[in-house]
Amino acid sequence: MKLKFTNATRVLAFCLLVFVILNGLICRRTESPPNFILIGPEDSLEDVVRKAAQVVPSPRQLSWQEMEFTGFLHFTVNTFTDREWGTGKEEPALFNPVELDARQWVKVCKDAGMKQLILTAKHHDGFCLWPSRYTEHSIKNSPWRDGKGDVVRELSDACREAGLKFGVYLSPWDRHEPTYGNSPAYNAFFKNQLRELLTEYGPISEVWFDGACGEGPDGRRQVYDWEGYYRLIRLLQPQTVIAIMGPDVRWVGTETGYGRETEWSVVPVFEQELKNLADDLVHHPFSIRFIPQGDRVEADLGSREKLKSATALAWYPSEVDVSIRPGWFYHSSQDNQVKTPEKLVDIYYSSVGRNSLLLLNIPPDRRGLIHENDSKSLQGMRAILEATFQTNFSHLAKTTATSEQRNHEAVYAVDQDKDTYWSSEDRAKSATLEFELKQEQAFNRALLQEYIQGGQRVEEFLLQAWNGSNWVTFAKGTTVGYKRLLRFPLVTAKKIRLIISKSRAAPTISEFGLFKSPLIVSE
Ligand code: FUL
């Protein structure tokens, strides 16, 4: 039988075709690129390296990374018992910070340059800094504000008022809660606490899970329902970053404040960390299927050699947590052991300057205030950093590159806008950027940033200065990532070049800077 098409059916068919094409295009455009990629047995090393360069941060990971410097506040009954880990048997009556002023915490931390504060809403002792409905072990049974106070409320309000983000540390290990060790019952209790925090205090930008899993009563062992915790957080606040024992952000691996010289944000993920990935991939965000198993503490996490053995690769950036004092909690005996401004600056270069985020702990004291010594050190740190980074000598320098792409010309590396970037031509695996300053300058610090929305690519680079007859190397490094800061003795030059000698894909630079620190010693 011959089919007959009327004009009306032709128009209808045409409209349908246009709809299908447009729909396909729109869907493709709105799909965000993945923050993970699977590796198959057929992938060669070259394929794996190419894939690694295609992994990019999720939107929540990107805005987390852009904060750069954030604060941790360890505060609970330990502050009053002079301990680091409470037993869970402390009387709530101990907690009475009569001068507590969350606005003072926020002011001190904001003036230091922090963009977010994370509070220990519950540490291992189980005492809650908010009046949880699910336990009596909380501030509601303390004398503070006649049992009507709520530290989580006061701090989250103060953060919002000052434009800082607010996050919570909620210890899964709970030495007070009687259900701990009875896995299903405790998991339900823990989810109830998470639900309270995620529904009653406005946006929670980060949930910080420590992996500690101590023994429950009678030696019972608690099995945490990580997947259930992640699901609940994603359901209630999809923008929240789940850190450490979480799929969005990893612990750098030490509490010293010093990150790795070579820090890859793209790291291998192993089979046992992926729950039914293959059959569930389409329906569940990757981050729920990725359940990290333990800390990543090795020196080398993401080199080519390491990528080879992966089941998948994930964008899993590093967070450096360190305390301004020897302890995480306040102890008056440590009032004279507060890190100096110079030490804090050294930590800043070794964390923010090494492709990590700095989470600096400032423990409030028994009054409920940040101690004067801590705030003085923070002010000193801020002053040094401001004096260093106020003038970028390479801003709008005459810049040329061995190759560049349309709309990503070399000048975008020196425009002081990290959302624009220089990119070499597509196939390049090395490139050189040359900067000619307006006049000869003395500098001792350099800044490099990659456009990580396009992946982390640079593996090795050199910085050289023209001394009138030769190019002289004054600094070199491996990874760049979101931010790399370099310190070196004073260099005086007008012409400088950045040689990217090894890259996983066409290198990009979103910002390049040259600065002069007032500190002559290599702080
Ligand atoms: C650890 C805890 O045991 C410490 O007390 C502190 O809270 C630190 C940040 O995490 O795992």
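None of these values were measured; they are calculated from a predicted model.

Rules behind the numbers
Residues numbered from 1 in each chain as written. Predicted model: local features only at pLDDT ≥ 70, side-chain atom pairs only at ≥ 80, totals over all residues. Heavy atoms only, no water. Helix = DSSP H or I, 4+ residues; strand = E, 2+ residues; numbered from the N terminus. Buried < 20%, exposed > 50% of the residue type's maximum accessible area, 1.4 Å probe, protein only. Contact = heavy atoms within 4.5 Å. Polar contact = N/O pair within 3.5 Å; in protein donor to acceptor, adjacent residues only side chain to side chain. Salt bridge = Lys/Arg side-chain N within 4 Å of Asp/Glu carboxyl O. Domains from an automatic or database assignment. Buried area = accessible area lost by both parts, 1.4 Å probe.

## Details of the environment of T473
Locating T473 in the fold gives a position in strand β16 (residues 471–477). A residue is classified by how much of its surface remains accessible, and T473, at 40% relative accessible area, is partly exposed. Distance in space between the C-alpha atoms of T473 and R304 is 26 Å, their sequence separation being 169 residues. If sequence neighbours within four positions are ignored, T473 has contacts with L462, L463 and Q464. Engagement of the side chain of T473 in a polar contact is seen with the side chain of Q464, the distance being 3.0 Å.

## What to know about the pattern of salt bridges
As enumerated under the stated definition, the model contains 35 salt bridges in all. One salt bridge connects R367 with D365, and the closest N-O pair in it is separated by 2.7 Å. Given the relative accessible area of 25%, R367 is considered partly exposed. Residue D365 is classed as buried on the basis of its relative accessible area of 3%. Put simply, R382 and E386 hold a salt bridge, and the shortest N to O gap is 3.3 Å. Separated by four residues within a single helix, R382 and E386 lie in helix α13 (residues 372–389), roughly one turn from each other. You can call R382 partly exposed: its relative accessible area is 27%. Take E386: its relative accessible area is 44%, and that puts it in the partly exposed class.

## Brief notes about the domain arrangement of the protein
Segmentation of the protein into domains returns domain 1 (59–389) and domain 2 (398–515). Once you take the C-alpha centre of each, domain 1 and domain 2 turn out to be 34 Å apart. Residue-level contacts link 25 residues of domain 1 with 23 residues of domain 2. Both sides together, the interface formed by domain 1 and domain 2 hides about 2,100 Å², and carbon and sulfur atoms give 54% of it.

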